[in-house]
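Below, each chain spelled out in residue letters.
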Amino acid sequence: QVQLVESGGGLVQAGDSLRLSCAASGRTFSSYGMGWFRQAPGKEREFVAAISWSGASTAYADSVKGRFTISRDNAKNTVYLQMNSLKPEDTAVYYCARDRSFQRAGVPRGPARVGEYDYWGQGTQVTVSS
């Protein structure tokens, strides 16, 4: 079983920064792309950022471009989401997930990309006050 554990969330003020971490189990972490998603109360789970298995490709939601950075450290089996210049509208539970496709070229794109991820973490709460 693939297990993903997010950490690093918390309560911050607008303009602050947070770095989320996602620790993965298993020996094949480096062979799969990873993504970050978020879900606010009453809203659908939405895409935030993704990184390919090789790290060569990344993608970001328009709402976070220029503020968030996704990265990975395969030696530590960990994916990160650096979040800068946080806004109240960033408030959500943040989830990491594994791309279901082994060594996919690039990252999933389009409105249905959430369906391209098979294993999910438990989520970590990010709350940004005004």
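Residues numbered from 1 in each chain as written. Predicted model: local features only at pLDDT ≥ 70, side-chain atom pairs only at ≥ 80, totals over all residues. Heavy atoms only, no water.

**Notes on the overall build of the protein**
Just so we agree on the cut-off: Under the DSSP-based scheme used, a helix requires at least four consecutive residues in state H or I and a strand at least two consecutive residues in state E, with every element numbered from the N terminus. In this treatment the radius of gyration is a C-alpha quantity, and the globule benchmark scales as 2.2 Å times the residue count to the 0.38 power. Whether a residue is buried, partly exposed or exposed follows from its accessible area with a 1.4 Å probe, protein chains only, as a fraction of its type maximum: under 20%, in between, or over 50%, in that order. Residue contacts follow a heavy-atom distance rule, with two residues in contact if any of their heavy atoms lie within 4.5 Å. Every accessible area reported is derived by Shrake-Rupley at a probe size of 1.4 Å, with residue values counting cover from the shown protein chains alone. Charged residues are defined here as Lys and Arg on the positive side and Asp and Glu on the negative side; His and the ends of the chain fall outside this count. For charged residues, the charge sits on one atom: NZ in Lys, CZ in Arg, CG in Asp, CD in Glu.
A count of helical and extended segments in the protein gives 0 helices and 11 strands. Counting from the amino terminus, the protein carries its helices and strands in the arrangement β-β-β-β-β-β-β-β-β-β-β. Relative to its length of 130 residues, the protein is compact, with a C-alpha radius of gyration of 14 Å against a globular reference of 14 Å. Considering only C-alpha atoms, the protein reaches an extent of 40 × 30 × 25 Å along its principal axes. The buried share among the 130 residues of the protein stands at 42%. A separation threshold of at least 6 residues defines the contact pool for the protein, and within that pool the share at least 24 residues apart is 60%. Of the roughly 6600 Å² of accessible surface on the protein, a fraction of 46% belongs to carbon and sulfur atoms. Charge centroids of the protein, computed over 15 positive and 11 negative side chains, lie 4 Å from each other.

**What to know about the state of the cysteines**
Such a bond, covalent and formed between the sulfur atoms of two cysteines, is termed a disulfide. Using the following cut-off: Disulfides are defined as pairs of cysteine sulfur atoms found within 2.5 Å of each other.
Under the criterion given, the structure shown has 1 disulfide. In this model C22 forms its disulfide with C96; the gap between the sulfur atoms is 1.9 Å. Because the sign of the S-S torsion sets the handedness, a value of about 55 degrees for the bond joining C22 and C96 places this disulfide among the right-handed ones. With C22 in strand β3 (residues 18-24) and C96 in strand β9 (residues 92-102), this pair connects stretches of sequence that are 74 residues apart.

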